[in-house]
Structure formats: C-alpha cells, structure tokens
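A structural walkthrough
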Amino acid sequence: MNCIDAIEGCFKCTINRVHQFYEDENRDDSVYIRYVKSMLDGLDDFIQSNKELQLIDANTLRKVIYDYAREKWLTSVHEGVRREVLPEDAPFDEESEAYYRYYFEYIYHNGMYPR
C-alpha cells in the first residue's frame, strides 16, 4: 500500500467512527461538519510538517476525504428525511439534495448555520 492510500484509508475509517458517534448520539449537524473540518485541517498540518509527504497532491486528497464525509452525511440525512417525512417510495428530490449540500458547505466554511 502506498502512502496516500494509507492516509486516505485512515481518514475514511476515522470519519466512519465520527459519523457513527454522530448518529448514535443524535448530535447536531454542525458538530459532525466541524469535526470533519478539524480533521481535514489536521491533515493539512500533517502534510505540511512532513516534507517527504509534500509530493502528495494535498488538495486532491483533501477533496476526496471531504467528498466522502459529505456523502456519508447526505446519505444519513436522506434516510432520516425518508423515515420521518416522505412516503416510503418518494424520492429525495434534486432541490432537497442541493439544499443539504449547500447547508453542509455553509457550516463547513462558516462554523454555524444562521437561524
């Protein structure tokens, strides 16, 4: 296994655990999203402080892990909305999907969502 695959795998496993904690404890969305941001900031710090890793395309790695965390969260939101609001066979429409993507990104970049 090469270095980038190992780093990506470690982060995905960590995100899986954090996401499971988020679901088990019924945590606020902003907590999960801020945890993801903290982990990705830590990844940047790690790559910057280890000169031998600077050959890694950190932006691509960060995007892969960010997308993974966001998709994991979106899947759980979709399941929750379907369970609580939508009839069993109703799709999660594009408008809802776009809103939740915006919501995730807003919290990721700003820390909180305005009330």
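Anything mentioned here points back to the structure above.
What comes next is a walk through the structure. (Residues numbered from 1 in each chain as written. Predicted model: local features only at pLDDT ≥ 70, side-chain atom pairs only at ≥ 80, totals over all residues. Heavy atoms only, no water.)

1. Concerning helix α4 (residues 94–110)
End to end, α4 covers 24 Å across 17 residues, agreeing with the expected 24 Å (1.5 Å per residue, within 8%). Within the sequence span of α4, burial applies to Y103, F104, I107 and Y108. The buried residues of α4 occupy an angular sector of 125° when projected down its axis, which confines them to one face. The exposed set on the far side of α4, more than 90 degrees from its buried face, consists of E94, E95 and H109. At the exit of α4 stands G111, carrying a positive phi of roughly 90°. (Helix = DSSP H or I, 4+ residues; strand = E, 2+ residues; numbered from the N terminus. Expected span 1.5 Å × (residues − 1). Buried < 20%, exposed > 50% of the residue type's maximum accessible area, 1.4 Å probe, protein only. Arc of directions from axis to C-beta.)

2. Comments concerning the packing of helix α1 (residues 3–24) against helix α2 (residues 29–49)
Orientation of α1 relative to α2, taken along the N-to-C sense of each, is 160°, at an axis distance of 10 Å. With respect to their mutual orientation, α1 and α2 come out roughly antiparallel. In terms of crossing hand, the pair formed by α1 and α2 is right-handed. Only D29, Y32, Y35, M39, L43 and F46 of α2 make contact with α1, whose side of the interface consists of I7, F11, T14, I15, V18, H19 and Y22. (Axes fitted to C-alpha atoms, helices over the stretch in contact; angles between N-to-C directions. Parallel < 35°, antiparallel > 145°, perpendicular 65-115°, else oblique. Left-handed = near helix turned anticlockwise from the far one by under 90°. Contact = heavy atoms within 4.5 Å.)

3. Brief notes about the nonpolar core
Y32, L43 and W73 are the most contacted members of the largest nonpolar core, which totals 26 residues. Listed by contribution, the elements that provide at least two residues to this core are α1, α2, α3 (58–84) and α4. At eight residues, the largest contribution of residues to this core is made by α3. Residue contacts for L43: discarding those within four places in its chain leaves I7, F11, L61, R62 and I65. (Core = buried A, V, L, I, M, F, W, Y, C linked by side-chain atoms within 4.5 Å.)

4. Some remarks on the packing of aromatic side chains
What the rule picks out here adds up to 13 aromatic pairs. A ring pair is formed by Y66 and Y108, whose centres lie 4.8 Å apart and whose planes are at 75°; its orientation type is edge-to-face. Here Y108 lies in helix α4 and Y66 lies in helix α3, a separation of 42 residues in the sequence. What makes Y108 buried here is its relative accessible area of 5%. Seen from their ring centres, W73 and F104 are 5.4 Å apart, and the 50° between their planes marks the pair as tilted. (Phe/Tyr/Trp six-rings, centres within 6.5 Å; stacked < 30°, edge-to-face > 60°.)

5. A look at α2
Between its terminal C-alpha atoms α2 stretches 30 Å, which fits the 30 Å expected from 21 residues at 1.5 Å a residue. Those residues of α2 that sit buried are D29, S30, V31, Y32, I33, V36, M39, L40, L43 and I47.

6. Examining the packing of α2 against α4
At a minimum axis distance of 9 Å, the contact between α2 and α4 shows a crossing angle of 60°. Judged by the angle between their axes, α2 and α4 are oblique. Along this stretch, α2 crosses α4, giving a crossing that reads as right-handed. Across the interface between the two elements, D29, S30, Y32, I33, V36, K37 and L40 from α2 touch Y103, F104, I107 and Y108 from α4. Tallied by class, residues from the contact of α2 with α4 come to eight nonpolar, one polar and two charged. (Nonpolar A, V, L, I, M, F, W, Y, C, P; charged D, E, K, R; others polar.)

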